[in-house]
Amino acid sequence: MPEREIHEPTNIIYTGVAGTGKTYQLLQIAQQYTDDLPRANEADLLAQLLQTLSWRDVVCLVFLDFHSEKQDLVKVPEIVNHEFFVAKAAQNAREKNLSNTAWSVLQMHSPTSSKTVTYKNRASQAYFDKDNSGAWYLLPESMLLLKDLSQKLAEFQQAQHDNTASQHHAFSDQRFSMVSFHQAYGYEEFVEGIRPVMAASGQTSPHQTVSNQAQMSYAIQDGAFLKLCQRAARDPKRRYAMLIDEINRANVSRVFGELLSLIEADKRAGTANAMSVNLAYSGRAFSVPANVDIYATMNTQDHSLAPLDMALRRRFRFIHCPPKPELLSIITAFGNANQSLESTQSAASIDLTKLLMGLNNRISQTLGMEAQLGHAFLFGVQSLAQLQTALIEQIIPQLAQAAGGQVAILQYVFRDEQQPMKAQFIQNSQAAISQHLDDEINDQTNTMTPSQLFSGHNAFLGQSMHTGSYKINEYFLARTGEFTNSSVYQRLY
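Residues numbered from 1 in each chain as written. Predicted model: local features only at pLDDT ≥ 70, side-chain atom pairs only at ≥ 80, totals over all residues. Heavy atoms only, no water.

This next bit is on the packing of helix α3 (residues 55-68) against helix α5 (residues 83-91). Running from amino to carboxyl end, α3 crosses α5 at an angle of 155°, the nearest separation of the two axes being 9 Å. Judged by the angle between their axes, α3 and α5 are roughly antiparallel. On α5, the residues touching W55, V58, V59, L61, V62 and D65 of α3 are F84, F85, K88 and A89. Its residues assigned to classes, the contact of α3 with α5 shows 8 nonpolar, no polar and 2 charged. (Axes fitted to C-alpha atoms, helices over the stretch in contact; angles between N-to-C directions. Helix = DSSP H or I, 4+ residues; strand = E, 2+ residues; numbered from the N terminus. Parallel < 35°, antiparallel > 145°, perpendicular 65-115°, else oblique. Contact = heavy atoms within 4.5 Å. Nonpolar A, V, L, I, M, F, W, Y, C, P; charged D, E, K, R; others polar.)

Quick look at the structure:
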């Protein structure tokens, strides 16, 4: 990358709904702050994906990857040999007892009701269980908990797809630091804090206090941002970047502390209005170098942290990242031997671009722009089976949560309200029970009364929504009946 002159510092937050490639944008920015690497290779993308994940997250990611390949039962050797697990072990400089690590994660996060796993120190949340053959699987109820992890996997797969570099260069110098904020992330990890360390007997650093426990001491340690700023201060002719994924997941005022004012462009070291502060723990004088840029991502669907936006507005530029349905493909389900080739291809094709645009159009009408679906949800879809999986396991659960389970909204989004019950993606659970009872009495098809709720523009304003519980059509879950036909999915356009 050609060296840039040092101009005014850049503070940018990329905003948008889930699945619009915001994290991928950070990976692209990271390339600009990496010497001798015009594009990231696959190993580097993998390292970025895994660096902030725990062992439990990595094991879940392995299951999600196998699941995307239609393999739900996985044995421990397959987990340990998976590229995600191998790469995480390399990051942690681990070579031994890897199978024990996998076993520990699986057993710790198994349900207490498991008939195949006996383990005392279980975690509060279960993710896995084992069948009688010794193969493990993800619990169905854990899929909602893994929505963010599924999104990261989809964006990683998108990054792999875009990575066309033929040359592979090792990182010679990374002039950036990347962190992922979460609810427990604090000032101590980002700036500085007192943390326990293991020390040799009788040896302590100047800032350490020895505890009563053998070999345990406490030291003031620098956080990710402070370390980056120290590097940048020693190298003023080159630019450095702090990359923050999911900035709205943490309490930013607590994480930045007194540095929240120092990151403003005109408060940087060497500027006319330069400011410095004494750090909270060490008391050292500190100012943010002018050659440090800050980039972050923010999920606009998280309304619980709305005040955060006001605190950051003065200090950051906000760039919106909309869904890009044009990046999606056209998939072919199957044809009809009695049709011409052209008509067969048309009838059997499902245009994912039109499908996502249609869904988002109706989502915007009912739930608002911030409930739209990002293109990453469908980016890796190349078959009807994969489309069905994405709808059942990711898209419908997310929209159901956004709609508060309101059947009328969900049926409008999926254009179900005037369809026979057997062809509805989303059913009213009570109506479905009644339908089942009617079918047992007679073999006649019972169709729902067409809903007048959504007729006309702005039909949702002032309307009361039906709040009955929803269910996904059993035929859709089984991928049989009407849901083997491309036309059912084409109606979502």
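Let's shift gears to the packing of helix α2 (residues 42-50) against α5. Running from amino to carboxyl end, α2 crosses α5 at an angle of 80°, the nearest separation of the two axes being 10 Å. Viewed along their axes, α2 and α5 adopt a mutual orientation that is roughly perpendicular. Between α2 and α5, the contacting residues are E42, L46, A47, L49 and L50 on the first element and E83, F84, A87, K88 and Q91 on the second. Here the residues of the contact of α2 with α5 are counted per class, giving 6 nonpolar, 1 polar and 3 charged.

Pairing within the open sheet is parallel, and its 5 strands lie in the order β4-β8-β11-β1-β12. Two strands in the sheet have a free side with no partner beyond their single neighbour: β4 (176-180) and β12 (317-320). On average, adjacent strands in this sheet sit at an angle of 20° to one another, irrespective of strand direction. Across 6 bridges, strand β1 (residues 11-16) lies against strand β11 (residues 292-299) in parallel orientation. The partner of Y14 across the bridge, within β11, is T297. Packing against the sheet, helix α9 (residues 224-233) makes contact with β4, β8 (240-245) and β11, and its axis sits at approximately 165° to β8. (Pairing = 2+ DSSP bridges.)

With that settled, the discussion passes to the confidence of the model for the protein chain. In the predicted model, the protein chain carries a mean pLDDT of 81, and 79% of its residues have values of at least 70. The spread of mean pLDDT over the elements of the protein chain runs between strand β6 (residues 209-210), the lowest at 49, and helix α14 (residues 352-366), the highest at 96. Below a pLDDT of 50 lies the segment residues 164-171, which in the model reaches 11 contacts outside its immediate sequence neighbourhood of four places, other chains included. Within the model, the stretch residues 199-206 combines pLDDT values under 50 with 7 contacts to residues more than four positions away or in other chains. (pLDDT = per-residue confidence, 0-100.)

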